[in-house]
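These are the residues of each chain, in order.
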Amino acid sequence: MLSDRQMKMSSLIETTTCGSLLQELQKIWDEIGESDMERDKMLLQLEQECLDVYRRKVESTCKYKVHLHQALAEAEAEITNLVSVLGEQASFPRPEKATGTLKEKNSVVKPILDELRKKREERIKEFRNVQSQIVKLCAEMAGNVQPCDSDYMHVVEHDLTLKKLGELMSQLEELQREKSLRLEKVNAHINSIYDLAVVLSVDFTKAMNEVHPSICGSATNQSKNISNDTLAKLAEVAHSLKQEKVQRLKKIQDLGSTLIELWNLLDIPMPEQKSFNHITCLISASVDEVSKKDCLGLNVIEQTEHEVGRLNVIKASKMKELVLKKQIELEEIYKGVHMDVDTDMAQKILINHIDSGNVDLSALLSGMDDQINKAKEQSLSRKEILDKVEKWKFACEEENWLDDYERDQNRFSAGRGAHKNLKRAEKARILVSKIPSLLENLTAKVRNWEDERGILFFYDNVPLLETLQRYTLMRQEREEDKRRSREKKRLQEQLATEQETLFGSRPSPSPSRPPTLKKPLGQSNNANTMTPGRNAIHTPLGRHGLSAGKERKDSSKTVIPENFVALPKG
């Protein structure tokens, strides 16, 4: 039977992979002569050391197993988290469904995890890129043009889904649209300011640099500032320049109107006026129509003001002449419509006012213009009546001529021009037959005119209605005289016929009374008579007609022809 030492030795040799080494150790012990006790002690020590090695190996293997379990769990958890973060549930297989050993499971999970990690990094880059653009646009709109560092961009890594990325992309697109709109506004303001600067002769670059250097800064690649502050400043500059344009245009228009007025007053020659055509052409222009370069510059306004000042000096020296010229113009207007004014007295008053130095000549000239305009309005309102008065006067002239012609005993002789007189007589009879209707129509017009204005209608300083009434009465008296004359002539002829019957012979007719010659209106009763004819025509509105009272007074002293009509001037 084997001893315990032999059995342990045999067991050790059988269980160990180093049996050959133990056998070699046995031989060495035999040669040395080691005791069994020593040999047992050494074998026990070797066995203990082997157990310790196994134990450590088991422990390390257990730890490795735990590590594999932990790594697998961590990988599965990370995969689950990444799938949730990326929103890719349908794109990756579930790791808990994998089968096999731990190493096999880990080998299945690792590629999935690596792919998810790679996709997460790519997604983070996409998020960072979009966010950097968003931050940059926000900074531009806030007026901060400093570039942002993308490495310091904070990306919310718990939500890297495509939905979140889409929201950021939508936000980016909205900001890009906002930037585009702001750029359009900035450019619109810049263009408007440039156009205004060109018209007003303003330094455009200086104005833009005061708003923001990036607007006109061509030395750098800095983009235009599109912040709210810049937009507000640009709008303020544009508004200010527009207001300045309106004010300057109004000033130019006022100066242009003054220039034209002074030119007309002073009779400035056309070559001298042409040098300021660029001013006068703007008088009727609107603000939007003015776009010529430097046309509203301060130098242009200064030159125009200097010219206006120069002409005003000339105007002041010629004001007396101008005022008198206006007075003559006013008198001519009144004279043309038969409204008498005391010319000498009016000029004397004006000269006394001017010489006194107590009157504003400009105001006086303006007042004269108002009077001229009023006189023109009055002349227009009197024109229709005056035209009818002229027709009536002409009819009266023709009536006087016809009376003279019919008293002429030689009118039917074959003298020179007799046929012309016959034709004229026929026309004159037609015209004379219309005098009553002319009078009636003219009287109605005058009455309407006076009723509308509440004043009398004067013609050569005499109320026209009185003249018409006086003429009507005189015409009736003249017709009555003609009737009596015809009756007297008829009785004379009848008497002559009766004498011829009684005495058998016809007495020679008494010489006919020569036609009484009319005296011109305005002459005294002792004036020489005139040969009947065209030159002896007297109209009812003669400049120097006799008054009705004077006519009645002198009727007892002077023989008045039957066809004579004298209308007093009054």
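Residues numbered from 1 in each chain as written. Predicted model: local features only at pLDDT ≥ 70, side-chain atom pairs only at ≥ 80, totals over all residues. Heavy atoms only, no water.

The protein appears in an unreviewed UniProt entry as 65-kDa microtubule-associated protein from Thalictrum thalictroides. UniProt, in its Sequence similarities (unreviewed entry) section for the protein, records the words "Belongs to the MAP65/ASE1 family." (UniProt positions renumbered as here; feature names shortened; annotations may be inferred.)

Summing up its helical and strand segments, the protein has 18 helices and two strands in all. Looking at the protein as a whole, 33% of its 570 residues qualify as buried. Taking the intrachain contacts of the protein between residues at least 6 apart in sequence as the baseline, contacts between residues at least 24 apart amount to 73%. Total accessible area on the protein stands at roughly 36,500 Å², and carbon and sulfur atoms take up 53% of it. (Helix = DSSP H or I, 4+ residues; strand = E, 2+ residues; numbered from the N terminus. Buried < 20%, exposed > 50% of the residue type's maximum accessible area, 1.4 Å probe, protein only. Contact = heavy atoms within 4.5 Å. Areas by Shrake-Rupley, 256 points an atom, 1.4 Å probe, with all protein chains shown as cover.)

Any aromatic ring pair is given by two values, namely how distant the centres are and how the planes are angled relative to each other. This model, assessed by the stated rule, comprises four aromatic pairs. Consider the rings of tyrosine 194 and phenylalanine 204, whose centres lie 5.3 Å apart with planes at 90°: the pair is edge-to-face. On the criterion of sequence distance, the pair formed by tyrosine 194 in helix α5 (residues 162–200) and phenylalanine 204 in helix α6 (residues 204–211) is long-range, its members being ten residues apart. Accessibility expressed as a relative area gives 16% for phenylalanine 204, which makes it buried. Considering the side-chain rings of tryptophan 449 and phenylalanine 457, the 4.9 Å spacing of their centres and the 85° angle between planes classify their relative orientation as edge-to-face. There is no split in this pair, since tryptophan 449 and phenylalanine 457 are both buried. (Phe/Tyr/Trp six-rings, centres within 6.5 Å; stacked < 30°, edge-to-face > 60°.)

Another point: helix α17 (residues 464–503). Compared with the 58 Å implied by 1.5 Å per residue over 40 residues, the 58 Å span of α17 between its first and last C-alpha is a close match. What α17 keeps buried is the set Leu464, Leu465, Thr467, Leu468, Arg470, Tyr471, Met474, Arg475, Arg478, Lys482 and Ala496. (Expected span 1.5 Å × (residues − 1).)

Residue placement: glutamine 273 occurs in helix α9 (residues 270–274). Using a relative accessible area of 13% as the deciding quantity, one classes glutamine 273 as buried. Excluding residues within four positions of it along the chain, glutamine 273 makes contact with Trp263 and Ile268.

Across the interface, helix α14 (residues 361–407) lies against helix α15 (residues 418–433) with an axial gap of 9 Å and an inter-helix angle of 130°. Considering the angle they form, α14 stands oblique to α15. By crossing handedness, the relation of α14 to α15 is classed as left-handed. Touching Phe394, Ala395, Glu398, Glu399, Trp401, Leu402, Tyr405 and Glu406 of α14 are Asn421, Leu422, Arg424, Ala425, Ala428, Arg429, Leu431 and Val432, all from α15. Partitioning the contact of α14 with α15 into residue classes produces ten nonpolar, one polar and five charged. (Axes fitted to C-alpha atoms, helices over the stretch in contact; angles between N-to-C directions. Parallel < 35°, antiparallel > 145°, perpendicular 65-115°, else oblique. Left-handed = near helix turned anticlockwise from the far one by under 90°. Nonpolar A, V, L, I, M, F, W, Y, C, P; charged D, E, K, R; others polar.)

Bringing the nonpolar core into the picture now. Membership of the largest hydrophobic core comes to 69 residues, with the highest contact counts inside it found for Met208, Val290 and Leu296. Among the elements that take part in this core, helix α8 (residues 228–266) stands out by supplying twelve residues, more than any other. If sequence neighbours within four positions are ignored, methionine 208 has contacts with Ile190, Ile193, Ile215, Cys216 and Leu234. Membership of the second largest hydrophobic core comes to 24 residues, among which are Val389, Trp401, Leu439 and Leu468. (Core = buried A, V, L, I, M, F, W, Y, C linked by side-chain atoms within 4.5 Å.)

Further remarks concern the side chain of glutamate 398. Along the chain, glutamate 398 falls in helix α14. Here the side chain of glutamate 398 touches arginine 424 through a polar contact of 2.9 Å, side chain to side chain. (Polar contact = N/O pair within 3.5 Å; in protein donor to acceptor, adjacent residues only side chain to side chain.)

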